Amino acid sequence: MKESKGINWKKEALNWAGIIGIIALLYVTGWHKPISATLQRAILWTGIIQADTELPESEQTKVDYNMPLVTLDGKKANLNQFRGKVIFLNYWATWCPPCIAEMPSIQELYETYKQNPDVAFVMINLDENVEKAKSFLENKKYTFGSYRRNGRTPPVFRSSIIPTTFVISKEGKLVAKKRGMANYNTVKFRSFFKSLLNN
């Protein structure tokens, strides 16, 4: 009996060593991020995590548009240039699996509205290496507008969590805010987005 327990213990130790080895290999090669993002995308696909739609009226604050930005190509911009449009503003980074997981749904939403002059997608990248962000977008064929912060961030747009998404109405009110990943290509969110354009 003792010998059997000893063999089981050794098998268990080998199994754990194998698991730890695989995890270490994924981290060393950088494959843990895409694998984690794929798993999280599968969670989004189930519909368990929904994009938040309209905030209660009491939480719909006026936004401060004075937010200096710069494109990934180094051209100066400002959130103020999108005043009067419905703005989809999102913080993201290549090192953030939940950000990567939700991006296909954001690209799909963008494809619907990219020709609409009343809509602006302001995807704010938080990578230290801008070239890494540019390469990521090119490889994935994501075509929405991506920027970096270039100065003061108004308090209404400050967040310690990424991804965080804000939706601003044409009237300049913060009407939706989501901390964490979500699927933005749903009937419910599209209906909400469309209603903002029809107001």
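Definitions and limits used
- Residues numbered from 1 in each chain as written.
- Predicted model: local features only at pLDDT ≥ 70, side-chain atom pairs only at ≥ 80, totals over all residues.
- Heavy atoms only, no water.
- Helix = DSSP H or I, 4+ residues; strand = E, 2+ residues; numbered from the N terminus.
- Buried < 20%, exposed > 50% of the residue type's maximum accessible area, 1.4 Å probe, protein only.
- Contact = heavy atoms within 4.5 Å.
- Expected span 1.5 Å × (residues − 1).
- Bend = angle between axes of the 7 residues up to and from the residue.
- Pairing = 2+ DSSP bridges.
- Right-handed = clockwise from strand over helix to strand, strands pointing away.
- Phe/Tyr/Trp six-rings, centres within 6.5 Å; stacked < 30°, edge-to-face > 60°.
- Disulfide = S-S within 2.5 Å.
- Arc of directions from axis to C-beta.

Before going further, it helps to examine the overall build of the protein. Along the backbone of the protein there are five helices and seven strands. Going residue by residue from the N terminus, the α and β elements of the protein occur as α-α-β-β-β-α-β-α-β-β-β-α. Among the 199 residues that make up the protein, the fraction classed as buried is 42%. Within the protein, contacts between residues at least 6 apart in sequence are counted, and of these 73% link residues at least 24 apart.

It is worth spelling out helix 3 (residues 97-113) at this point. In this model, helix 3 (17 residues) spans 25 Å end to end at C-alpha, consistent with the 24 Å of a helix rising 1.5 Å per residue. In the structure, helix 3 departs most strongly from a straight axis at Met103, where the bend amounts to approximately 35° and where the proline Pro104 lies between one and four residues downstream. Burial of helix 3 is extensive: 12 of the 17 residues sit out of reach of the surface. Here helix 3 has its buried residues at Pro97, Cys99, Ile100, Ala101, Glu102, Met103, Ser105, Ile106, Gln107, Leu109, Tyr110 and Tyr113.

Take the pairing of strand 3 (residues 86-92) next. Most of strand 3 is tucked away: seven of the seven residues are buried. Residues Val86, Phe88, Asn90 and Trp92 line one face of strand 3 and the alternating positions Ile87, Leu89 and Tyr91 line the opposite face, and both faces are buried. The pairing of strand 3 with strand 4 (residues 119-125) spans seven bridges and is classified as parallel. Within strand 4, the position partnered with Trp92 by the bridge is Asn125. For the crossover from strand 3 across helix 3 to strand 4, the handedness is right-handed.

One pass over the full model with this rule turns up 16 aromatic pairs. Aromatic pair Phe136 and Tyr142: ring centres 6.1 Å apart, planes at 55°, arrangement tilted. Judged by its relative accessible area of 13%, Phe136 is buried. We classify Tyr142 as buried; its relative accessible area is 12%.

Under the definition given, this model contains one disulfide. Here Cys96 engages in a disulfide with Cys99; their sulfurs sit 2.3 Å apart. On the S-S bond that ties Cys96 to Cys99, the torsion sits near 80°, and the link is right-handed. What makes Cys96 buried here is its relative accessible area of 3%. Look at Cys99 and you get buried, because its relative accessible area is 1%.

Omega for the peptide link from Ile162 to Pro163 comes to -5°, which places this bond in the cis form. Of note, Pro163 is situated in the loop between strand 5 (146-149) and strand 6 (164-168). In the Ramachandran plot, Lys141 falls in the positive-phi region, its phi being about 60° despite a non-glycine side chain. When you line up the elements, Lys141 lands in the loop between helix 4 (130-140) and strand 5. A relative accessible area of 65% means that Lys141 is categorised as exposed.

What follows concerns helix 5 (residues 187-198). Its 12 residues place the ends of helix 5 16 Å apart at the C-alpha level, agreeing with the 16 Å of an ideal helix rising 1.5 Å per residue. Within helix 5, the full set of buried residues consists of Phe189, Phe192, Phe193, Leu196 and Leu197. Down the axis of helix 5, the buried set is contained in an arc of 145°. They therefore lie on one face. Away from its buried face by more than 90 degrees, helix 5 exposes Val187, Lys188, Lys194 and Asn198. Packed against the buried residues of helix 5 are strand 3, helix 3, strand 4, strand 6 and strand 7 (174-179).

So yeah, pure geometry; function would need other evidence.
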